[in-house]
Amino acid sequence: MNIRQTSRLRRLAAITAGLAVASVALSGCLYAMIPEGATPRPSQTNEPDTEGVSADLLPFYEQTLEWDSCENGTAGFDCAFVTVPLDWDNPADGEMEISVVRHQATGTPMGSLLTNPGGPGASGADFILNSLDYAVGEDLIENYDVIGFDPRGVGGSTAVRCFDPEQMDSYLYDIPENERGTDAWEAELTERNKAFAEACEANSDGILPFITTINSARDMDLIRAVLGDKQLNYLGFSYGTFLGATYANLYPEKAGRLVLDGAIDPAVSGLDVGTTQALGFESALRAYMQDCLDSGSCPFNGTVDDAMADLGALLASVDRTPLVNDDGRLLGADSLMTGIIVTLYSEDSWSVLTQALEGALQGDPYAAFYLADAYNSREDGVYIDNSSEAFRAYNCMDYPVENDPGAEDASMAKIEKGAPTIAPYWSGPDSCEVWPYPPTGTRGEIHAEGAGPIVVVGTTNDPATPYEWSVSLADQLEEGVLITRVGEGHTGYNKGNACVDDAVEAFFLDDVVPQDELKCE
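Residues numbered from 1 in each chain as written. Predicted model: local features only at pLDDT ≥ 70, side-chain atom pairs only at ≥ 80, totals over all residues. Heavy atoms only, no water.

1. Some words on the overall build of the chain
Turning to step 1, where the next piece is worked out: When helices and strands are tallied, the chain shows 18 helices and 14 strands.
Turning to step 2, where the next piece is worked out: Each principal axis of the C-alpha distribution contributes one length, and for the chain these read about 60 × 50 × 45 Å.
Turning to step 3, where the next piece is worked out: A total of about 19700 Å² of accessible surface is found on the chain, and carbon and sulfur atoms cover 46% of it.
Turning to step 4, where the next piece is worked out: Charged side chains in the chain number 27 positive and 85 negative. The centres of these two groups are separated by 3 Å. (Helix = DSSP H or I, 4+ residues; strand = E, 2+ residues; numbered from the N terminus. Areas by Shrake-Rupley, 256 points an atom, 1.4 Å probe, with all protein chains shown as cover. Lys, Arg positive; Asp, Glu negative; His and termini not counted. Charge placed at Lys NZ, Arg CZ, Asp CG, Glu CD.)

2. Looking at the packing of helix α12 (residues 333-343) against helix α13 (residues 350-361)
Turning to step 1, where the next piece is worked out: Where α12 meets α13, the closest approach of the two axes is 8 Å, and the angle between their N-to-C directions is 160°. Considering their axes alone, α12 and α13 lie roughly antiparallel with respect to each other. Pair α12 / α13 crosses with left-handed handedness. Contacts between α12 and α13 involve L336, I340 and T343 from the former and W350, L353 and L357 from the latter.
Turning to step 2, where the next piece is worked out: Per-class residue counts for the contact of α12 with α13 are five nonpolar, one polar and no charged. (Axes fitted to C-alpha atoms, helices over the stretch in contact; angles between N-to-C directions. Parallel < 35°, antiparallel > 145°, perpendicular 65-115°, else oblique. Left-handed = near helix turned anticlockwise from the far one by under 90°. Contact = heavy atoms within 4.5 Å. Nonpolar A, V, L, I, M, F, W, Y, C, P; charged D, E, K, R; others polar.)

3. Let's talk about the pattern of salt bridges
Turning to step 1, where the next piece is worked out: Under the defined criterion, the tally for this structure stands at 17 salt bridges.
Turning to step 2, where the next piece is worked out: Put simply, R218 and D89 hold a salt bridge, and the shortest N to O gap is 3.9 Å. Of this pair, R218 sits in helix α8 (residues 213-226) while D89 sits in the loop between β2 (77-85) and β3 (95-103), and the two are 129 residues apart along the sequence.
Turning to step 3, where the next piece is worked out: A salt bridge links D511 to R257, with the shortest nitrogen-to-oxygen separation between them at 3.4 Å. Here D511, found in the loop between α18 (498-510) and β14 (518-520), pairs with R257, found in strand β7 (residues 255-261); they are 254 residues apart in sequence, far enough to count as distant.
Turning to step 4, where the next piece is worked out: Owing to a relative accessible area of 45%, D511 belongs among the partly exposed residues under this scheme.
Turning to step 5, where the next piece is worked out: Connected through shared salt-bridge partners, D49, D221, R224, K230 and K254 make up one network. (Salt bridge = Lys/Arg side-chain N within 4 Å of Asp/Glu carboxyl O. Buried < 20%, exposed > 50% of the residue type's maximum accessible area, 1.4 Å probe, protein only.)

4. Some words on the packing of aromatic side chains
The geometry of an aromatic ring pair is captured by two quantities: the separation of the ring centres and the angle between the planes.
Turning to step 1, where the next piece is worked out: Here the structure, examined in full by the defined rule, presents 14 aromatic pairs.
Turning to step 2, where the next piece is worked out: A centroid spacing of 5.8 Å and a plane angle of 75° characterise the contact between F163 and Y171, whose relative ring orientation is edge-to-face.
Turning to step 3, where the next piece is worked out: Three or more aromatic residues joined by ring pairs form one cluster here, namely Y144, F507 and F508.
Turning to step 4, where the next piece is worked out: Against the face of W67 rests R102, its NZ or CZ located 4.0 Å from the ring centre.
Turning to step 5, where the next piece is worked out: R329 extends its terminal NZ or CZ atom over the ring of Y173, reaching a point 4.7 Å from the ring centre. (Phe/Tyr/Trp six-rings, centres within 6.5 Å; stacked < 30°, edge-to-face > 60°. Lys NZ or Arg CZ within 6 Å of the ring centre and 35° of its normal.)

5. Notes on the sheet that holds β2
Turning to step 1, where the next piece is worked out: Spatial strand order, β1-β2-β3-β5-β4-β6-β7-β12-β13-β14: ten strands in an open sheet with mixed pairing. The open sheet has two edge strands, β1 (68-69) and β14, and neither has a second partner.
Turning to step 2, where the next piece is worked out: Strand direction decides the pairing type here: strand β13 (residues 480-488) and β14, joined by three bridges, are parallel. Directly across from I483, in β14, lies its bridge partner L518.
Turning to step 3, where the next piece is worked out: Where helix α17 (residues 467-476) meets the sheet, its contacts fall on β7, β12 (454-461) and β13, and the angle it forms with β12 comes to roughly 160°. (Pairing = 2+ DSSP bridges.)

6. Some points on α13
Turning to step 1, where the next piece is worked out: Between its terminal C-alpha atoms α13 stretches 17 Å, which fits the 16 Å expected from twelve residues at 1.5 Å a residue.
Turning to step 2, where the next piece is worked out: Regarding α13, the residues found buried are W350, V352, L353, T354, A356, L357, G359 and A360.
Turning to step 3, where the next piece is worked out: Looking one or two residues beyond α13, the residue adopting positive phi is G363, at roughly 85°. (Expected span 1.5 Å × (residues − 1).)

7. Observations regarding the confidence of the model for the chain
Turning to step 1, where the next piece is worked out: Within the chain, residue pLDDT values average 92, and 92% of them lie at 70 or more.
Turning to step 2, where the next piece is worked out: Note that pLDDT drops below 50 for residues 1-40; the model gives that stretch 155 contacts with residues more than four away or on any other chain. (pLDDT = per-residue confidence, 0-100.)

8. What about helix α15 (residues 387-398)?
Turning to step 1, where the next piece is worked out: For α15, built from twelve residues, the straight-helix expectation of 16 Å at 1.5 Å per residue is met to within 8% by its first-to-last C-alpha distance of 16 Å.
Turning to step 2, where the next piece is worked out: Across the twelve residues of α15, twelve count as buried, placing the element largely inside the fold.
Turning to step 3, where the next piece is worked out: Residues of α15 that are buried: S387, S388, E389, A390, F391, R392, A393, Y394, N395, C396, M397 and D398.

9. Some thoughts on the packing of α8 against helix α9 (residues 239-250)
Turning to step 1, where the next piece is worked out: Closest axis-to-axis distance for the α8/α9 pair is 9 Å, and the angle between their directions is 70°. In terms of orientation, α8 lies roughly perpendicular with respect to α9. Here α8 contributes T213, I214, S216, A217, R218, M220, D221 and R224 to the contact with α9, which in turn contributes Y239, F242, L243, G244, T246, Y247 and L250.

10. Concerning a nonpolar patch on the surface
Turning to step 1, where the next piece is worked out: Together, I175, V324 and L330 make up an exposed nonpolar region whose accessible area comes to about 230 Å².
Turning to step 2, where the next piece is worked out: Within the secondary structure layout, I175 lies in the loop between α6 (165-173) and α7 (183-203). (Patch = residues over 30% accessible without salt bridge, like charges linked within 9 Å, V, L, I, M, F, W, Y side chains within 5 Å.)

11. Points about the state of the cysteines
Turning to step 1, where the next piece is worked out: Within this structure, the stated rule accounts for five disulfides.
Turning to step 2, where the next piece is worked out: Each disulfide pairs two cysteine sulfurs, and for C162 the partner residue is C200, the sulfurs being separated by 2.0 Å. Between C162 and C200, the S-S torsion sits near 105°, and that sign places the bridge as right-handed. With C162 in the loop between β5 (145-149) and α6 and C200 in helix α7, this pair connects stretches of sequence that are 38 residues apart. Of the two residues examined, C162 and C200, each falls in the buried class.
Turning to step 3, where the next piece is worked out: The partner cysteine of C396 in its disulfide is C432, sulfur to sulfur 2.1 Å. Around the S-S axis, the bridge from C396 to C432 shows a dihedral of about -90° and counts as left-handed. Highlighted residues: C396 in helix α15 and C432 in the loop between α16 (405-418) and β12, separated in sequence by 36 residues.
Turning to step 4, where the next piece is worked out: The exposure class of C396 is buried, given its relative accessible area of 2%.
Turning to step 5, where the next piece is worked out: The class of C432 is buried, set by a relative accessible area of 8%.
Turning to step 6, where the next piece is worked out: Each disulfide of the chain joins two cysteines, and with those cysteines numbered along the sequence the arrangement is 1-2, 3-4, 5-6, 7-8, 9-10. (Disulfide = S-S within 2.5 Å.)

Written as structure tokens, this is what we have:
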């Protein structure tokens with residue numbers, strides 16, 4: 001194998017659980033809100049919507065959900081499983097289970113509101129169960145049954161399984177033996193990726209070729225139907241925008257009120273995704289650095305350029321000489337960069353980044369590992385979910401393989417110029433090159449003709465899903481409506497901007513379509 005010609009940007013589509021991991025975990029919002037004085041309605045099951053369903057899918061669409069209290073016993077929530085076809089093209093060939101959590105409306109319900117926090121690979125069930133009021137505002141909690149679900153391959157659903165915790169630690173954190181950028185380094189990382197892919201194939205019970213966004217969107221229609229809703233009302237964040245747009249394209253007649261916040265541009269290639277994100281994270285990092293310098297308690301000094309150069313020197317230093325943590329793990333540049341990136345999803349996390357960088361400058365990697373572990377869903381030596389495995393499984397099936405050395409060279413030149421701090425740690429062998437199955441996804445515009453108005457929210461300095469992607473998706477959609485939040489961080493709804501929140505909630509509650517290109521400062 002010619003590794004150089006077949007490698008893609010390693011952080012391809014690094015749109016991980018920007019809400020469920022980065023924003024929620026680091027801002028301390030991991031709790032579920034039950035409005036004061038609210039009395040949950042008795043658990044109820046509605047008649048499924050089977051209109052127009054083909055005979056081979058009717059057994060799935062006719063199923064009756066059995067709601068029960070959730071495992072953690074949180075009041076106001078109930079849980080169930082939805083049985084979906086393993087292969088939607090051949091529904092008799094097997095089944096999967098989808099974990100669903102519901103918070104019933106505290107007032108008179110208008111129907112269900114499905115949500116997705118991002119990823120691919122984030123647990124939508126945990127997102128609603130643990131941080132309901134972070135996901136949606138009080139008025140939506142009052143008027144909708146808010147639904148979270150783990151997409152196929154994720155969390156409590158039939159899940160992708162790969163490494164045990166010790167193996168995962170090695171895969172994510174071990175320092176390569178060979179020098180960065182050399183052929184030996186690329187070969188070493190490719191062997192790691194092969195071992196990971198082989199473990200996923202061995203431990204996932206044959207589901208890997210069916211872990212795709214198109215299949216997940218079809219699952220979402222089945223969830224809608226068995227909840228008894230004639231149309232889908234949906235709030236998707238980050239990767240969840242791609243899932244929602246895919247749904248609208250497949251089922252335009254079933255699309256109700258859809259809001260897509262922090263959009264992915266479905267027409268952008270994997271290579272361009274990685275390039276644009278590198279530039280976005282560098283921009284967000286510079287914004288953080290200016291804020292840090294202005295605070296008077298920053299471990300860096302001088303201008304932003306001076307401070308970024310010093311940060312680059314710190315990364316190079318730990319790349320040469322990793323820092324030893326109390327648990328014996330070594331903090332190299334890759335893990336430090338992971339810790340940096342996770343804080344750039346939300347300004348609320350910038351103070352934690354300052355602590356981590358100050359510690360690393362003093363030779364203490366504890367806070368940096370705390371951040372990297374949050375990104376990787378690692379707690380006390382174990383992984384609390386399978387988001388890393390599911391993330392790779394979806395991306396490897398959704399993104400076509402690219403093999404264009406000239407385009408790669410141009411991309412890296414753009415990153416080196418526009419993101420010089422991040423660039424040295426952004427590229428390397430891509431795990432999808434050795435995935436057991438070829439990708440089935442394609443990249444192209446999504447128009448969702450006949451779906452009606454779809455609201456797209458974009459934040460001007462969003463590092464993970466850059467603003468230009470939201471503009472592009474809104475333009476592609478037949479009736480796309482763009483809301484612009486001027487500010488920092490990932491996604492725009494329910495972040496304290498009343499202009500955005502009022503427009504989104506008026507759409508969900510009163511079917512008031514926002515003014516196109518509404519600008520919220």
